[in-house]
Amino acid sequence: MSISNLPSVYLDDMKKILGNEYEAFLDSYSRSCRKALRINTLKLKASAAGSDETAETDAGFIRSFETETGFHLTPVPWTSNGFYYEKEDQPSRHPFYSAGLYYLQEASAMAPAQMLPVSPGDCVLDLCAAPGGKATELGARLRGRGFLAANEISMSRARILMKNLELFGILNACVTNTEPARLLERYPAFFNRILVDAPCSGEGMFRKDPAVAEAWYPEKVQECARVQREIITCAADMLRPGGMMLYSTCTFAPQENELIILHLLQERPEMELLEVPYEPFRKYFSEGLSTEQLRALGYLDDSAKDVPDTDLSRTCRLWPHKIEGEGHFCALLRKRESEEMREALREAQPENIRRAYEAERPGRNGKTGRKSQAGKSGRPGETGKTRRSGETSRTAGQETLQRSDLLMIQNFIAAYLEQPQSGELSVSDTDILTDVFLEGRKEGKIEAHGGQVYLMPAGVEREQGVPTLRAGLYLGELKKNRFEPAQELAMALPAAHFPGESVQAENPDEEDQAAVQLEDVSDRYVCLSPSDDRLERYLRGEVIPVRQTGSNGWRLLCAGRYPIGWGKLVGGQLKNKYPAGWRIPG
């Protein structure tokens, strides 16, 4: 990007803030952006060399994944599962992208979700979640336990968020579409982890997207700051005592960063700013501006009173001239906990919220102290009609499933969850689907709304009064005594584990052995080589020819062993059931 295209007011501010580093900062605009992807550890953990939490990034895993994809990967040093890739790799065109094995994300934008400590069983809120880069990481780290609320105020962006969560196979999530203040009415002091990647003026994205720089104007910084002050105070009020919150932006403006933190600490004295907990953050990121620096630079009035006494250098800034990334700001905060505060908050809540205080921090079994409100709420809308697949209106209500229907659904799904033979890929011991359908544990319930069937893991519910696009996992639809599986279910199923027979697909050019593809077909799966062009044809919505085996019926199509969608096998043709809204351009 040419420096001449950058706003002069913005450049003056950067020169004031950076001082001697300003020329190095300007030079970063002459370098091309380095692109990155983040591995979905829900789907690829079993492929790593070991069972340890760090196995996703060991050298053996990287070599194996590079071999499968042909990518050229270099680790992003401040993440456990982020990698830079090269321009020729084109990961968005690889079928593994459609299998939800990774998310394309700018490297510095990976920092906020990495910095917020999240463990299985936590109650997590991503307040400004679209398009889903951070929400998908938070959801993956929950490993099916606990509760993720992913909120986005824009309906169009909320739909993109929902698709990305579905693509990643995250089933213990609720996607809401409302203002933070309205969400606060239903969830006061409820979540023990909150991420706020606030809408901002986007200065950190100028190099990546010149259109952001063209849309920037000086007043936009203050306009964004006003919105951010409202958002962060609402978020703090949704944080339970002892909980932690990560505030971030992709801008460099102190008015949207350090001054927002000062505002929060002044308005909510129970909040405290924490030290960044992870050594790679401290190694690669810069300290935030201190109160003294803000005064010296003119961002904080000398006459300002009641400025909280806090060390703002605990916040982090990501500068493009110091790292292989675009730019970000992060601040980790915690709400102080006392028995008096917990009791006062508990007594102040309506009965349906008080239950959140009756239990300790959510445990690894995913229970949060919230009882089911089945039948009291559904999907947003007033007509009672289905808005789209997997998105039911509120007034549709919950239906009673016939035992025969329930058994049909359970048998269908259990067939894809059978434990593999020794030496094959294994299903994670935290897999909710396995718990419910194979082992009969009470870790979730199955609901039906308008004929559409959902798995609701423990802790995941639809709240009255909150516009909701998705809660739990959409399993499929009941139609005239048959069950039609949903795309969302396909994305939540584990990698195919059957000991199928590999055969060569027919190839008219026998001399071109490199073009010969492999396929495995069983009575449940069709697994094609990732390089097989039939996968791309399927993703465009076409019917594809496959080897006929067994009777006609549903098959789970996989890229390699990783599910990408459903089809119906009829006479050697796989009838396409890939959703129209997910298809790639022809």
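This text goes with the structure placed above it.
Cut-offs and rules
- Each chain has its residues counted from 1, running along the sequence as written.
- Given that this is a predicted model, residues contribute local features only at a pLDDT of at least 70 and side-chain atom pairs are listed and counted only at 80 or more, while totals for whole chains, interfaces and linings are drawn from all residues.
- Values shown for side chains rest on all heavy atoms present in the structure; no hydrogens or waters enter the calculation.
- Secondary structure counts use DSSP, requiring at least four H or I residues in a row for a helix and at least two E residues in a row for a strand, with both numbered from the N terminus.
- Using a 1.4 Å probe on the protein chains alone, a residue whose accessible area is under 20% of its type maximum counts as buried, one over 50% counts as exposed, and one in between counts as partly exposed.
- Contacts were defined at the residue level, with two residues in contact if any of their heavy atoms lie within 4.5 Å.
- Exposure was quantified through the Shrake-Rupley algorithm and a 1.4 Å probe, taking into account, for residues, occlusion by the shown protein chains and nothing else.
- Pairing between two strands requires that DSSP report at least two bridges joining them.
- Salt-bridge detection follows one rule: a side-chain nitrogen of Lys or Arg within 4 Å of a carboxyl oxygen of Asp or Glu.
- Geometry is summarised by axes, namely lines fitted to C-alpha atoms with helices restricted to the contacting stretch, and by angles between N-to-C directions that run from 0 to 180 degrees.
- The nonpolar core is taken to be a set of buried Ala, Val, Leu, Ile, Met, Phe, Trp, Tyr and Cys residues, with the residues joined through side-chain atoms within 4.5 Å.
- What qualifies as a polar contact is a pair of N or O atoms within 3.5 Å, subject to a donor-acceptor requirement within protein and to the restriction that residues adjacent in sequence count only when both atoms come from side chains.
- Side-chain rings of Phe, Tyr and Trp, where Trp is taken by its six-membered ring, are said to pair if the distance between their centres is within 6.5 Å; with planes under 30 degrees apart they count as stacked, over 60 as edge-to-face, and otherwise as tilted.
- In this scheme, the term charge over a ring applies when either NZ of a lysine or CZ of an arginine sits within 6 Å of the ring centre and within 35 degrees of the ring normal.
- Each angle is binned into one of four classes, with values under 35 degrees roughly parallel, values over 145 roughly antiparallel, values of 65 to 115 roughly perpendicular, and all other values oblique.
- Crossings are assigned a handedness: left-handed for a near helix turned anticlockwise from the far helix by less than a right angle, right-handed for a clockwise turn.
- Just so you know the grouping, Ala, Val, Leu, Ile, Met, Phe, Trp, Tyr, Cys and Pro go in nonpolar, Asp, Glu, Lys and Arg go in charged, and all remaining residues, Gly too, go in polar.

### A few points about the overall build of the chain
Then, in step 1: Along the backbone of the chain there are 20 helices and 27 strands.
Then, in step 2: For the chain, with 586 residues in total, the buried portion stands at 57%.
Then, in step 3: Considering only contacts in the chain between residues 6 or more positions apart, those separated by 24 or more positions represent 70%.
Then, in step 4: Surface summary for the chain: the accessible area is close to 24,300 Å², and the carbon and sulfur share equals 47%.

### Some details on the sheet that holds strand S2 (residues 74-75)
Then, in step 1: On the basis of which strands lie adjacent, the open sheet formed by four strands has the order S2-S3-S1-S4 and antiparallel pairing. Of all strands in the sheet, those bounded by a partner on one side alone are S2 and strand S4 (102-104).

### Some details on the pattern of salt bridges
Then, in step 1: A full pass over the atoms with the stated rule returns 20 salt bridges.
Then, in step 2: Between Arg 268 and Asp 237 there is a salt bridge, with its nearest N and O atoms 2.8 Å apart. Of the two residues, Arg 268 is situated in the loop between helix H12 (258-267) and strand S10 (271-273) and Asp 237 in helix H11 (residues 218-237); the sequence distance between them amounts to 31 residues.
Then, in step 3: Salt-bridge contacts for Arg 540 lead to Glu 542; the nearest nitrogen and oxygen are separated by 3.1 Å.
Then, in step 4: Given a relative accessible area of 30%, Glu 542 falls into the partly exposed group.
Then, in step 5: Among the ionic contacts, a cluster of salt bridges with common partners joins Glu 536, Arg 537, Arg 540 and Glu 542.

### Side note on the sheet that holds strand S17 (residues 452-457)
Then, in step 1: Here we have four strands laid out as an open sheet, ordered S16-S17-S19-S20, and antiparallel in their pairing. The open sheet has two free edges, formed respectively by strand S16 (444-449) and strand S20 (482-485), since each of these has just one partner strand. Strand-to-strand twist across the sheet, computed as the mean angle between neighbouring axes with direction ignored, equals 30 degrees.
Then, in step 2: In terms of strand pairing, S17 meets strand S19 (residues 473-479) through four bridges, oriented antiparallel. In the sheet register, Leu 455 faces S19, and the bridge partner there is Leu 473.

### Quick look at the nonpolar core
In a soluble, globular protein the nonpolar side chains are often hidden away together inside.
Then, in step 1: Tyr 10, Phe 25, Phe 191, Val 196, Met 245, Ile 261 and Leu 333 are the most contacted members of the largest nonpolar core, which totals 66 residues.
Then, in step 2: When residues in this core are grouped by element, the largest group, seven residues, is from H11.
Then, in step 3: The residues touching Met 245, leaving out its near neighbours within four places in the chain, are Leu 116, Ile 194, Val 196, Ile 232, Ala 235, Ala 236, Leu 239, Leu 264, Met 271, Ala 331, Leu 332 and Leu 333.
Then, in step 4: Core analysis: the next-biggest nonpolar cluster, separate from the first, contains 41 residues, Val 76, Leu 142, Leu 148 and Phe 281 among them.

### A closer look at unusual backbone geometry
Then, in step 1: Here the residue pair Ala 130 and Pro 131 is connected by a cis peptide bond, since its omega of 5 degrees sits within 30 degrees of zero.
Then, in step 2: Inspection of the secondary structure assignment puts Pro 131 in the loop between strand S5 (123-126) and helix H7 (133-142).
Then, in step 3: Its identity is not glycine, yet Arg 143 carries a phi of approximately 55 degrees, on the positive side.
Then, in step 4: Relative to the assigned elements, Arg 143 resides in the loop between H7 and strand S6 (147-151).
Then, in step 5: Judged by relative accessible area, Arg 143 falls into the buried class, the value being 10%.
Then, in step 6: Phi is positive for Ala 189, close to 45 degrees, though the residue is something other than glycine.
Then, in step 7: Relative to the assigned elements, Ala 189 resides in the loop between helix H9 (180-186) and strand S8 (191-197).

### Things to note about the side chain of Ser 286
Then, in step 1: Within the fold, Ser 286 resides in strand S11 (residues 286-287).
Then, in step 2: According to the relative accessible area criterion, Ser 286 is buried, its value standing at 11%.
Then, in step 3: At a separation of 3.0 Å, a polar atom in the side chain of Ser 286 contacts the side chain of Lys 322.
Then, in step 4: Among all residues touching Ser 286, those that are not within four sequence positions of it are Thr 315, Cys 316, Arg 317, Trp 319 and Lys 322.

### A look at the packing of aromatic side chains
Then, in step 1: Per the counting criterion, the structure on display carries 31 aromatic pairs.
Then, in step 2: Relative to Trp 566, the ring of Tyr 416 lies with its centre 5.3 Å away and its plane at 80 degrees, an arrangement referred to as edge-to-face. Of this pair, Tyr 416 sits in the loop between helix H17 (403-414) and helix H18 (432-437) while Trp 566 is found in strand S26 (residues 562-570), placing the two residues 150 residues apart along the sequence. Across the pair, Trp 566 and Tyr 416 agree in class, each one buried.
Then, in step 3: Residues Trp 554 and Trp 566 carry aromatic rings whose centres are separated by 6.4 Å and whose planes lie at 85 degrees to one another, so their mutual orientation is edge-to-face. Of this pair, Trp 554 sits in strand S25 (residues 553-559) while Trp 566 is found in strand S26, placing the two residues twelve residues apart along the sequence.
Then, in step 4: According to the relative accessible area criterion, Trp 554 is buried, its value standing at 14%.
Then, in step 5: One residue, Lys 16, lies across the ring of Tyr 299, its end atom 4.5 Å from the ring centre.
Then, in step 6: Over the ring of Tyr 84 we find Arg 34, and its NZ or CZ is 4.4 Å from the ring centre.

### Description of the side chain of Glu 137
Then, in step 1: Among the secondary structure elements, Glu 137 is positioned in helix H7.
Then, in step 2: Residue class for Glu 137 comes out buried when judged on its relative accessible area of 3%.
Then, in step 3: In this structure the side chain of Glu 137 is engaged in a polar contact, spanning 3.4 Å, whose partner is the side chain of Gln 114.
Then, in step 4: In this structure Glu 137 touches Arg 38, Asn 81, Ala 113 and Gln 114, once residues within four positions along its chain are discounted.

### Topic: the packing of H11 against H12
Then, in step 1: Packing of H11 against H12 brings their axes to within 10 Å, and their N-to-C directions diverge by 45 degrees. In this view, H11 runs oblique relative to H12, as classed from their interaxial angle. The interaxial crossing formed by H11 with H12 has right-handed handedness. Residues Ala 225, Gln 228, Arg 229, Ile 232, Thr 233 and Ala 236 of H11 form the contact with H12, whose participating residues are Ile 260, Ile 261, His 263, Leu 264 and Glu 267.
Then, in step 2: Residues belonging to the contact of H11 with H12 are distributed by class as follows: six nonpolar, three polar and two charged.

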